[in-house]
Amino acid sequence: MITLQTMPPMMFGGLVIAMLIGFPVAFTLAAVGLSFGFLAIHLGFFDLNFLQAIPGRVFGSVLSNELLLAIPFFTFMGAILERCGLAEDMLDSMGQLFGPIRGGLGYSVILVGFILGAITGTVAAQVIAMALISMPIMIRYGYNIRYITGVLAASGTITQLVPPSLVLIVLADQLGKSVGDMYLGAWGPSIFQIFLFAGYTFVLGIFKPHYLPPVPVTELTLTGWPLWRKCLMGIIPSAVLIFVVLGTMMMGLATPTEAGAMGAVGAIVLAAIHSKDFSTTGRKVLIIGVIAGGIGTIIGMFMTEGLLFKTAFAVTYLAVVWICLEAVRIPELRDLIKQGYETTMRITTMVTFILIGSTCFSVVFLGVSGGVWLENLLTSLPGGVWGFLIFINLFIFFLAFFLDFFEIAFIILPMIAPIAQKILGPVVGDGPALIWFGVMLCVNMQTSFMHPPFGFALFYLRGVAPKEVKSSDIYWGALPWVGLQALMVILVIAFPITVTGLLDKPVNVDLNKVKIDVPQMDLPPLDFGPPAKQ
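Residues numbered from 1 in each chain as written. Predicted model: local features only at pLDDT ≥ 70, side-chain atom pairs only at ≥ 80, totals over all residues. Heavy atoms only, no water.

**Q** Teacher, can you tell me more about the overall build of the chain here?
**A** A count of helices and strands for the chain gives 23 helices and 0 strands. Per-residue burial for the chain yields a buried fraction of 50% across its 534 residues. Contacts in the chain between residues at least 24 apart in sequence constitute 77% of all its contacts with a sequence separation of at least 6. About 25900 Å² of surface is accessible on the chain, with carbon and sulfur atoms providing 70% of the total. (Helix = DSSP H or I, 4+ residues; strand = E, 2+ residues; numbered from the N terminus. Buried < 20%, exposed > 50% of the residue type's maximum accessible area, 1.4 Å probe, protein only. Contact = heavy atoms within 4.5 Å. Areas by Shrake-Rupley, 256 points an atom, 1.4 Å probe, with all protein chains shown as cover.)

Quick look at the structure:
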């Protein structure tokens, strides 16, 4: 006899079995949810009217969700930047800058991975591009092959955590928090992770120097100012784009969708600038636009926003339009923009269908008291808060062997977010609790791309690595970096300040001590005499 208490574990088990069959996750979620929904109606746990909540939530909170509109913009931005040649230029210049240092090529891969992660937000193309460019060079100069494969895969997955990561946008939506706060919370762990990776490279260079030999100075093609100029030409435009996307959002000047739209346009501009066919007229227009933008910014900061302010930014907008038209004129960039549209459409459609499927599952799951069952299960774990965090992170780590981060976010998070708020609120406060939890899971889900033998980053490496690189070298090379990512999860759990340090502190006000002083006003005496004669 099926009872209400047995329905939630049956639904969860049925979902696991259905996904192991290999059917697409979005349709599996919808099929399992509706199947158990009709079973619950048959058993009398709720009636058919309850299922009306599914189309209501799909049209009310999924298809009309303005925050999710940022996903196609950031996806398009990443699709353009990952193929426009920016990675090649930055890896070449950084490699020559750090190359003479022991482990210098490793440092350059880590740093470029961080910068590209902050402007692309996609793992696949970042791993592939960096492997195609850096792996032959590192092999030629005698770097240990397992270090090469590990640092390339790990540096590609940095983009999962560094804002404006798509993962953070999805987590913010599912946890009901602002994207800006999620980005602020992620900066600390993302920067700390870079230091972890660089520290591992430094220590490895001390204990096993033959693993990371320096590049001979005679092999460098650029030195002095030409080298620094090439580095700055890659870093400065990237830094401007990062500020346009992230700075405006964190300063409250733009919503995530507006920042994503500016990032999409900025990606086209950046791709045009890096194109070898970019015209001389276009470069002059670019300089004029930069100068006008700088003048407008200075006026906006220190003076009244008048006609000169509007004129300066009008010139900047016209320069951006001109450069975008230049990009359309260049056949190579025109094809690149078309590929960006196709990638954006494919990923956005996938996300939408997973959301619809997860809505079907979660509505029925909650209808059979699945939330109560899950809360009782998680709150009864030994160890209190820390037992809950250890269990959830191990559970997510295990799920990441089989599921993509989108699937984990849409299936698991809606069920455990209310429980996490209740359990973690007393530790760091009700406001930052879910930010801390979301960033923690984001660091954890990074490992989904690095798990041997299922990690997608390892598959990407295997696809582009030379034949002499063995699969065993790729898998063994990934393990130390998975350990570093796991260590980062432990640090985020042990030191919540790494996430909450940049968040706005809540203002604690004791209402019993609030005193309102109303100033006394001296009014003229009232005159009740006869009205004045006209």
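**Q** Can you walk me through the nonpolar core in this structure?
**A** Generally speaking, nonpolar side chains in soluble globular proteins are found buried as a group. Grouped together as the largest cluster of nonpolar side chains are 160 residues, with contacts concentrated most on Phe 74, Leu 152, Ile 169, Phe 388, Leu 389, Leu 424 and Phe 437. Excluding anything up to four places from it in sequence, Phe 437 contacts Phe 388, Leu 389, Ile 392, Leu 413, Ile 416, Ala 420 and Leu 424. (Core = buried A, V, L, I, M, F, W, Y, C linked by side-chain atoms within 4.5 Å.)

**Q** Even after reading the chapter, I still don't get the pattern of salt bridges, so can you show me in this structure?
**A** Note on pairing: side chains with opposite charge can pair once their charged atoms come close. Evaluated as defined, the whole model comprises 3 salt bridges. One salt bridge connects Glu 332 with Lys 276, and the closest N-O pair in it is separated by 3.5 Å. Placement of the pair is Glu 332 in helix H15 (residues 331–367) and Lys 276 in the loop between helix H12 (256–274) and helix H13 (280–302), with a sequence separation of 56 residues. Owing to a relative accessible area of 69%, Lys 276 belongs among the exposed residues under this scheme. For Arg 329, the salt bridge is made with Glu 326, and the minimal N-O distance between the two is 3.2 Å. Note that Arg 329 and Glu 326 are positioned in helix H14 (residues 307–329) at a spacing of 3 residues, about one turn of the helix. Residue Arg 329 is classed as partly exposed on the basis of its relative accessible area, which comes to 46%. Overall, the relative accessible area of 8% leaves Glu 326 in the buried class. (Salt bridge = Lys/Arg side-chain N within 4 Å of Asp/Glu carboxyl O.)

**Q** What am I meant to see in the packing of aromatic side chains here?
**A** Aromatic ring pairs are defined here through the distance separating the ring centres and the angle between the ring planes. Following the criterion strictly, the structure yields 11 aromatic pairs and no others. For the ring pair Phe 197 and Trp 481, a centre distance of 5.2 Å and an interplane angle of 75° mean the geometry is edge-to-face. Taken as a pair, Phe 197 in helix H10 (residues 179–207) and Trp 481 in helix H22 (residues 471–494) lie far apart in primary sequence, 284 residues in all. In this structure Trp 481 comes out as buried when scored by relative accessible area, which is 1%. Centroid distance Phe 388 to Phe 437: 6.1 Å. Interplanar angle 25°. Geometry classified as stacked. Taken together, the residues Phe 388 in helix H17 (residues 384–399) and Phe 437 in helix H20 (residues 430–446) connect sequence positions 49 residues apart. Per residue, the accessibility class of Phe 388 equals that of Phe 437, and both read buried. (Phe/Tyr/Trp six-rings, centres within 6.5 Å; stacked < 30°, edge-to-face > 60°.)

**Q** Which parts of the structure should I look at to understand the confidence of the model for the chain?
**A** Reading predicted coordinates in detail is not appropriate for stretches of low pLDDT. Counting all residues, the mean pLDDT for the chain is 79, and 89% of those residues have values of 70 or more. The lowest-confidence element of the chain is helix H5 (residues 86–98), averaging 71 in pLDDT; the highest-confidence one is H10, averaging 87. (pLDDT = per-residue confidence, 0-100.)

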